[in-house]
Every structure is written in structure tokens, then in C-alpha cells.
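# Working through the structure, step by step
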Amino acid sequence: MYRSLGTVEEFVSRLPGGADLLSSIGTIVDATPLRRIHLQDLRVEDVFSGTEINLALLVDGTIELKVPGFPALSITIGATDDAYTAIRGVVTVGETSDLTFPDIRATLRLDTPLLRTVDPPGPLEVTVQGSFSMDRGVNIRASLAGFSLPQVMIGNTGLLVSASQCVLDLADDTTPDAITALGFGPEFRGIHAATATLMWLPQTVFNGLPGLRLDLVDLAIGTEGVSFDIAQTFTLDDDGRHILPTSERAGHLFDTGFELGLREVTGQVRTNVPTAFGVSGLLRVPFLDALFAVEFGVRPEEEGHAIAVSLTQSSSTIDLDLGAGSLTVERLHIDGVVDETGFTVTGSVSGALSLDPLDVLIDRAQVSLRHDADHDSLEIELNGLDLGPLGEVESAKLRIISRVDDADVRTNSVVIEGTYRWADLVQRFDLTTLPAQFPLPPDDGLITAFLSWEDDGNGGFEIVVRFDASVEHPDSLWQFIPSDFRPEVHTLVFTAEVRYAHAAAFAGEPSGSEFKAELSAKVTVRLPALPHLAVNLVTVHTGGDDGLVEGTIRAGIDQAGTGYLRVTVSDPVAIDFDLPGMPQPEPFLHAEITSIDFDLAAGSVAEGGFTMLGTFSVRPINPPLPAPLTSHLQGLFESVDVGDLTGTTELSLRFRDDRAAVVLDCTFSAGAIDVNVFEMLGGVAGALGVPPDADPPRGAAALDIAVGVGLRGLRFQLGSLVAGGAGETASLELRADLRLADLAVPLLLRLSNLELALGLDAIDIPLRPPRFPLSPSDLAGLTTDAAWQSRIDGLASAAVSQPMTSAGAAEATRIAAQLTLLQALFAIRQAMEPGSRGGFEDGAGVVIGVLDAASGVMTPASDISLALRAIRIVIPFADPRDVRVEGGASLTGFAADDPLKALEGLQLGLGISADTIFFSLQTISSLIQIPDLGR
């Protein structure tokens, strides 16, 4: 609660001449804020100039007053939270009347696009303390303590200024001399800063700080913007290639390689316009390893101002190493603009190019130099250039790309680019190697040749010519494919590549000869959507956000006269397959496609497709289990060792008329799953607990039986090409080897929407009777305990080191039999008296010799095996009673001179179903001679 004698508006209106004062104020500014200034107390005194009234005032909330003649500037007093603020005012009434606030805290707000703060962006605001007065003519005078201004940008020039020791000049009859020196008269209203700081060129660094910082004096901010003058010079020292640290203002542009030394800064800014502003000095361009005279300026553009730069060669010549040759630069003058990370400059250059076998003089050619964060590029226009076997080109471009690797080593690559008419070169390409539907450039089209010099790995360079041309009908490759399954082509460029082993081969090739080129195309496509299937198990991720895939097409005609087409993609296409009815956090099978083969053969039926080639990995499957079972299963499977399940894959999309099928065929390169059976059973028993009164085990022995599964392949199919919806529409086939100790059995599991099949994929059962595992030579030299033990240890080591193959398993079995017999004989020998051991060894040798000879008589010369193929049990889902067994067998391994060799050509087929037993016998190799049995 505050006492109020009324508002200031009410009080002033009752004073002599007060109404005229309010009227004068109202014609220039909005006087309504006076209605929210309340009068609490007053004291009236007669003074020489008239009457002086001291006022105690309360300001209700905030009051913003616009400055007459400077509408962008406002003065705000009062609290921002709707509270009252106490201030003191003095009204003088007499020959000259005015209103004065002798001590007030206010906020100056300058809201104009001519001047904006940088951090945060917005209007300029500053808090001041001092006195304000306003006379009958609303002429405002301010006497403020020196205040500072934060950093602001001058319009869109890129020039940043901050100021200190500022004075607010709002009177229209007086102006500081420093402001008058800048060309302003008494009518100036604004801010005068005695000192200021200018910052420009944010891409530079001086004294470890970003940007060029310069001190200014007498800066003016008026109704039309900022004005100031600058003229500074610095000492600059160099050694011809580098800026010396003795320079007064030395730094760098972008990075330390672009050494920058300043010599002079001159400039004039009037009402926000840089009428003359420039920074000059020396700049080292590391790409050219030379110093250039440099000038920076402010260039007006449509949407603001850019940093202009001009470079002039300082040294007489610059020699640029190109690896395969050199470029000599003379009289290089270029100018352009600087952006955030680099610059682009253009101009003219003279010099000479030497690239074996080309020698070219350059005279005032157009040149462009571009610096980016990761590379530099130099491009020179060359006219009337003879490119050897390619012929003369009217206009060509020399393009040099320079990069610096992580070891700070710079390398330069060079390319010459020339454009020819397709009609002039088409006869020199052997297009008969391409399929008929391969897209080609139009007859009146252009083809661009790119010559590059590449390291041949032997200290020399080979010349590589690459051709690029736009084609006429980019969709012609896939016209035979139904539109629903056709890739959507966005861009397709015909390409060819010719390699010359060295410069002499390039120079010696006559103009007009046939190019020995590899033909291909660069393509950007969107792959067709997968066919709409009954189950949503497949997700395809292609390209970036736009779904486009970039690749290279290589095509040709094979020896059979059939066209082939392969697309190698730049970014792998990812395809995920999930499990039906058991969705996983991550799909259980992830494939990445790196190339695509297209079937170009089109017959009377619209049939074909394409195959995607790549790699795959199988992720762990997490079945949904009740919580109580989880911990038990984790303990149970601790003895299961699962290796990386990875390999190569083929994903085929086949179509016939309006039908389609997707087949994923995976071959494992690593897919081992091993289980220690007794360790698993021990884990189960341990989980059950041991009674406290149980007797400890006696006669314990270590048991180790390893069971493993070696995954060989996985096949996944969705869809069917059979008309009428018949046939399989979904199937999953798994091929694996089941390993039990040293025995390996190939298994096949196939699950489809029609049937379940389980059986043996392929297994060979040896039929040759084995020989006795020991021979007399195996006992030779076994006369001491150490000799016996050494032989036993060697056999044990050899048995466990055999490879996990069928041959390895057979060898491990043979060695194990030897080991068992030797261990038994050694145990008997150890039980005998030392004096009797020699006789035992002789007698054992005789017995083993007899057994070895007898088994040799019974063993045939041929290593015969029974080969079982595709033996499986098939259970149809439509009627499980129609279960059947099917497969085939044959004899293999007969020696060439074996009289029963002809039996190897017999194939026995066998099948058993619910109501039928059938078999077949056919030859698969030579004829079997049947003797004449007579009549």
C-alpha cells in the first residue's frame, strides 16, 4: 500500500504552462506512460530561473519511452515484475521548463536489423545509471556514467564490434567533435564510443585466439548504423617461403599450414556500409608451397556480404610435384571468396605442364583453386590439347587434387578431362561383348574421357583412361522383367576403362585404334519391393534415407552366348529375417548384400529374376521362457560353446508371370556348436543338490564326451512359382554335421508348409574289414619302461590332434585302437618280474605278427564304402499317415583293377510309404557285362 497524490500527468497539467508541456510531449512521443508514474511527495522552491519542484515518484511496473528522432532506441525504467520503483524527479517552470530525473537506473534497448548481438542473437540491450532531462521541445539530454556495449554484428557485413567508454547523445543542438569528424552534424542522435574492438575473419587465428581483433577509437552508432575509420600498419618479415615469428601480427588461416602475416589494415565504415575496407599481407598456400600477396575485403552480395580474397604470386616460379610429372606456375593471380571451411578463387595462370608423354605450355589460362577442410584442388583450362590415341580435344581441364594423410604426408593426384562426341568414338569400343539391351549413349551424345597417372607398384606409372557418358534409355536393361519387380533407375552412366602399362604404350597407340576397354555402368537405383507374402518375416534396408543404392554394373556375354549382368553396390543392402511366431529383439538372421546378378534370358514366358550375393550372420535366439526356468537353463547351457555363425549368402528373387519367390541360401564358413555332455549332466546334478549325509564318491574318473554340431548351410524360401497356389510357399532347410566323439554324421532338416523331412544328407560307411591295429614294427625298440611310456604318450597326443573330417575321424579311431592294445600289454609287462620281461616282449611280438598277417589275408585291396545319399523320413502335414522313407545308396572305392569295379556304377533307389515299397536299380557309369548263361 503506497500513498499517492495523483499521477504525474495530473500534476503537470495543473502547473502554469503544464498543459502546454504535456501537449508538446504528446506531439512527439507517447505521453500515456506518465499516467503510471504516481506522485508521493513534493517540495516547491523559488529559484532564480523560476520555480523548482522536487518530486518523490513511484513507477507502476515498467515504462518504455521511445526516443524522438531515434525510433529504434528505447529507454525502459521500472521493475519487470509489476512492482513499484521509487525514483526522484525535478520539474523546473520558468522561461525554460524541463523535467529532470537526476539519478535513475534504466535499460537502453536498440532494436534494429542494422545492429544485432551475436550471443545470444537479438536486439542490443545495456543497463545504464545517470540523469535524464527533457525540455519543452522534448529535447532529451543524458548524463550517464561511461558504459560498455557487448559484441554486435554490423548488419550482415560479418564485422563484429564491441565498445567501451560510451556516451549517449540524444540532443539536437550539440555533438561531440569525434562524431563531427566522422561527417555528422548537430542532428546526430546515438551512441559515441571512445574505444572499441573490431573482430573480423573468424577463420583466422592470432595469438591463439580466433578471429582478427583490432582496436578502434571514436565509433558512432546512429539512426542509420555504425560508423568508424581504421588505419593500422604492422611489420611483416618472411624468408620467401614462410612467415617469420618476428612479424608483428602473424597467425594462420584455417590451419597452421596457411601461415598469414598482416602488413596493413585500412577501412572506412559509414552508416553500416564498408565503403573502403581491406586487410593486406602475405599468405602461404601449403598445397603450392609458396607465399602469395593477399588482400581481404568485404564484398556485397544479394543476401549479405562475403569475405573477398585476392592472391597474387610473390615468387617468380612455383614447381608443383605431380608424381608422374610436374607443373610449373608463373604469374598466378586469383580472387574469390572465403567461406567457413575454405575458399574458392579463380583467375589466370601461365606456366608449363610436364606429364609423360605430354608437354604443354600454359599461357594466361583460366584457373580455379579451391581449399576444403580435407583437400585442395587446382583446375586449369587447356585448349587444343592432343591426347595421343584419343585424338585432339578442343577444350580440356587439368585437375589436381592434393590431400594430407594422418601422418601429415601430402600426395597429389592428377587428372586430365576432355569431352568428345560419342559418334566419333563409338566404333572404337567392342560393343559386341555387351547384351543387346545394355543402354548406350545417343548418337548425338557426348562422352567424357578422364586420364589419370596411377602408381604401378614398380616405381613407375600406368596411364588409365576412363570414359563416362549419359545413356539414352536407362531402363532398357530390365524391360523383360515385370514392372512390379523391376529396379527403379534414377541415374545410369555408361563407363569404360582402358589401361596403358606406361607412357610409351600410351604414346605408341595410334589414333583411331580399337580400345581394349572394360565396359560397365555406374547406376543409382531403388530396388523393387519384395513380393507380398503371407508372413511378415523379411525386412530390407537399402541405401540412405532416400532408399537409393549406388553401384557399378558389369555386363557381357558368356561362352554360351547368354548375357550376364552383375551390379556391385557401394553400400551393402541389409536384409533381416525373423522367426515366425517368435519375434526377437534383433532378427535372428542378418544378411548384407554386396553384389547383384541379373538373369537377362527372356523367353516366351515372362520368367527370370536376380540373385543378391553377400555375407550373413546368425544372432542368438531368445525363446520366451517362464522366469523359474531361466536360471536352470542358463546353468544347463554353460557347457555349450557356440562359435561365430557366419558365412556367405545368396538371396534370389525369381518371378514367373505375376508370381514370385524369394530364396535365401546361406553357406556357413564358421558355424560350430560344441557340448560337453558330462559337464552338462554334472551341472544338472549340481542344481539338484547333494544330500548332506551322502558318501563322497570313490574311484572317480574324468569323463569327457564332446557332442558338436557343425552347421554347413541354411536355406530359406518364401513364395512359389507354381500356378494356382500349389506347391511349397514357405520352407526352411538346415544342413549340418552331428559330431559324437570322433564320429561325424551329416544331417538334413527341412520344414515347409507341406511337410517335415529329417534324415542323412550324405554318409559313407566303410565296408573294408580293418587290419589288426598293431604290427611287429610297432613293438620294435620297446625294451624299457621309458620307451613304452614315450610310445603311449605319442599315440595319445596323435589321436586328439586329428582334424574334424571323415578321414581324420578314421585315423583317430585306428590310433585309439593301437593305444588301447599297447596300454594293455604295458600293464601286463609291468606286473611281471624284471627278468621275465624280455621273454614276454619276444612272445608278444610273435603273436602280433601272426594276427597282423592273418588280417592282411582277409582285407581286400579296395577301400570299399557304402555311400548313402538323401536318406530321409518325410512326414506330410496334410495326412501324417502318408509318412514315407526315401533315399539311395551305391558302392564306392573299388580299385581300378578290382574285378568288382563294375558294381561301382550301380545306384540303388529305395522308398517306403504307408502302402508301397518300391526300389530301383540303375547304372550311373560303365555297362555291366552279363555272361552268357546258355539256354
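If you're wondering where the values come from, they're calculated on a predicted model, not measured in any experiment.

### So, the overall build of the protein
Of regular secondary structure, the protein possesses 11 helices and 48 strands. Looking at the protein as a whole, 41% of its 935 residues qualify as buried. Within the protein, contacts between residues at least 6 apart in sequence are counted, and of these 57% link residues at least 24 apart. Summed over all atoms, the accessible surface of the protein reaches about 49,000 Å², with 55% contributed by carbon and sulfur.

### So, the nonpolar core
Counting 176 residues, the largest nonpolar core has Phe228, Phe296, Leu327, Ile416 and Phe467 as the members making the most contacts within it. With 7 residues, the single largest contributor to this core is strand β13 (residues 190–206). Apart from residues lying up to four places away in sequence, isoleucine 416 is in contact with Leu353, Leu355, Leu358, Leu385, Leu387, Ala396, Lys397, Leu398, Ala449, Phe450, Leu451 and Trp453.

### Observations concerning the pattern of salt bridges
Taken as a whole, this structure holds 35 salt bridges when the rule is applied. Between lysine 66 and glutamate 64 there is a salt bridge, and its shortest N-O distance comes to 3.9 Å. Residue class for lysine 66 comes out partly exposed when judged on its relative accessible area of 47%. Close ionic contact of glutamate 330 with arginine 331 constitutes a salt bridge, the shortest N to O distance being 3.9 Å. Owing to a relative accessible area of 53%, arginine 331 belongs among the exposed residues under this scheme. Via salt bridges that share partners, Glu454, Glu462, Arg466, Glu497 and Arg499 belong to a single interconnected network.

### Section: helix α9 (residues 785–800)
The first and last C-alpha atoms of α9 sit 23 Å apart over 16 residues, in line with the 22 Å expected at 1.5 Å per residue. Inspection of α9 places Trp788, Ile792, Leu795 and Ala799 among the buried residues, and these make up the whole buried set. Taken around the axis of α9, the buried residues stretch over an arc of 65°, which confines them to a single face. Structural note: α9 exposes Ala786 and Val800 on the side pointing more than 90 degrees away from its buried face.

### What about the side chain of asparagine 54?
As for its placement among the helices and strands, asparagine 54 is situated in strand β2 (residues 50–60). On the accessibility criterion, asparagine 54 (12% relative accessible area) is buried. Once residues lying within four places of it in the same chain are set aside, the contact partners of asparagine 54 are Asp41, Leu42, Arg43, Glu45, Arg88, Gly89 and Val90.

### A short note on the packing of aromatic side chains
A full pass over the atoms with the stated rule returns 14 aromatic pairs. Measuring from ring centre to ring centre gives 5.1 Å for phenylalanine 616 and phenylalanine 668, while their planes differ by 80°; the resulting arrangement is edge-to-face. Residue phenylalanine 616 is found in strand β36 (residues 607–618), and its partner phenylalanine 668 is found in strand β39 (residues 659–670); the two are separated by 52 residues along the sequence. Phenylalanine 616 gets classed as buried once you look at its relative accessible area, which sits at 3%. With a centroid separation of 5.8 Å and 20° between ring planes, the pair formed by tryptophan 788 and phenylalanine 826 is classed as stacked. With tryptophan 788 in helix α9 and phenylalanine 826 in helix α10 (residues 806–831), this residue pair connects regions lying 38 residues apart in the sequence. Given the relative accessible area of 4%, tryptophan 788 is considered buried.

### Describing a nonpolar patch on the surface
On the surface, a cluster of nonpolar side chains totalling about 340 Å² of accessible area is made up of Ile873, Ile875, Val883, Val885 and Ile912. Tracing the backbone shows valine 885 in strand β46 (residues 884–892). Its relative accessible area of 35% is what places valine 885 among the partly exposed residues.

### What to know about the environment of aspartate 255
Examined against the element boundaries, aspartate 255 turns out to sit in the loop between β16 (250–253) and β17 (259–270). What makes aspartate 255 partly exposed here is its relative accessible area of 35%. Sequence spacing of aspartate 255 and threonine 204 is 51 residues, and the spatial spacing of their C-alpha atoms is 8.2 Å. Here the side chain of aspartate 255 touches glycine 257 through a polar contact of 2.8 Å, landing on its backbone nitrogen.

### Things to note about the environment of leucine 431
If you trace the backbone, leucine 431 turns up in the loop between α4 (422–425) and β28 (446–455). Spatially, the C-alpha atoms of leucine 431 and leucine 519 are 8.4 Å apart, while their sequence positions differ by 88 residues. Among all residues touching leucine 431, those that are not within four sequence positions of it are Trp422, Val426, Leu440 and Leu519.

### Topic: unusual backbone geometry
Here the bond from aspartate 356 into proline 357 is cis, since omega is 10°, no more than 30 degrees from zero. Unlike most non-glycine residues, glutamine 165 shows phi in positive territory, near 55°. Tracing the backbone through its elements, the reader meets glutamine 165 in strand β12 (residues 160–169). One non-glycine residue, aspartate 289, adopts positive backbone phi at about 50°. Within the secondary structure, aspartate 289 sits in the loop between β18 (273–285) and β19 (290–301).

### Things to note about the side chain of arginine 872
Within the secondary structure, arginine 872 sits in strand β45 (residues 865–876). Look at arginine 872: it is buried, it has no salt bridge, and the nearest opposite charge is glutamate 886 at 4.7 Å. Beyond its immediate chain neighbours, meaning those up to four positions away, arginine 872 contacts Leu748, Ala757, Leu758, Gly759, Arg884, Val885 and Glu886.

What counts and what doesn't
Residues numbered from 1 in each chain as written. Predicted model: local features only at pLDDT ≥ 70, side-chain atom pairs only at ≥ 80, totals over all residues. Heavy atoms only, no water. Helix = DSSP H or I, 4+ residues; strand = E, 2+ residues; numbered from the N terminus. Buried < 20%, exposed > 50% of the residue type's maximum accessible area, 1.4 Å probe, protein only. Contact = heavy atoms within 4.5 Å. Areas by Shrake-Rupley, 256 points an atom, 1.4 Å probe, with all protein chains shown as cover. Core = buried A, V, L, I, M, F, W, Y, C linked by side-chain atoms within 4.5 Å. Salt bridge = Lys/Arg side-chain N within 4 Å of Asp/Glu carboxyl O. Expected span 1.5 Å × (residues − 1). Arc of directions from axis to C-beta. Phe/Tyr/Trp six-rings, centres within 6.5 Å; stacked < 30°, edge-to-face > 60°. Patch = residues over 30% accessible without salt bridge, like charges linked within 9 Å, V, L, I, M, F, W, Y side chains within 5 Å. Polar contact = N/O pair within 3.5 Å; in protein donor to acceptor, adjacent residues only side chain to side chain. Lys, Arg positive; Asp, Glu negative; His and termini not counted.

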